[in-house]
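One-letter residues, chain by chain:
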Amino acid sequence: MKIRSSLKTIKSRHKACRVVRRKGRVYVINKTNPRFKARAG
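Note that the coordinates shown come from a computational prediction; the quantities given were computed from them, not determined experimentally. (Residues numbered from 1 in each chain as written. Predicted model: local features only at pLDDT ≥ 70, side-chain atom pairs only at ≥ 80, totals over all residues. Heavy atoms only, no water.)

### Focus: empty space enclosed by the protein
Where empty space is left in the structure can be found by rolling a water-sized probe over the atoms. Under the criterion given, the structure shown has one cavity of 30 Å³ or more. K2, I10, R13, R35, F36, K37 and A38 together form the lining of the largest cavity. Grouping the amino acids of the lining of the largest cavity by side-chain chemistry returns three nonpolar, no polar and four charged. (1 Å grid on protein atoms, 1.4 Å probe; cavity = no way out; pocket = protein on both sides within 12 Å on 5 of 7 lines; lining within 4 Å. Points joined across faces, edges and corners; volume = space filled by probe spheres on them. Nonpolar A, V, L, I, M, F, W, Y, C, P; charged D, E, K, R; others polar.)

### Here we look at the sheet that holds strand 4 (residues 38–40)
In space, the four strands of this open sheet follow the order 1-4-3-2, with mixed pairing throughout. A strand with exactly one partner marks an edge of an open sheet, and here the two such strands are strand 1 (2–4) and strand 2 (18–22). Each neighbouring strand pair of the sheet contributes to a mean axis angle of 30°, computed without reference to strand direction. Examined bridge by bridge, strand 1 and strand 4 share three bridges and lie parallel to one another. (Pairing = 2+ DSSP bridges. Helix = DSSP H or I, 4+ residues; strand = E, 2+ residues; numbered from the N terminus. Axes fitted to C-alpha atoms, helices over the stretch in contact; angles between N-to-C directions.)

Dropping the structure here:
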């Protein structure tokens, strides 16, 4: 899990990336390739 200030670049790296808001934090999750998990804030 990477912690980044900007998630826009990570989201565009893979087709299956989804941006999700949970408990006031923004996450990028990827079911097919879990390597791309990230969090902002």
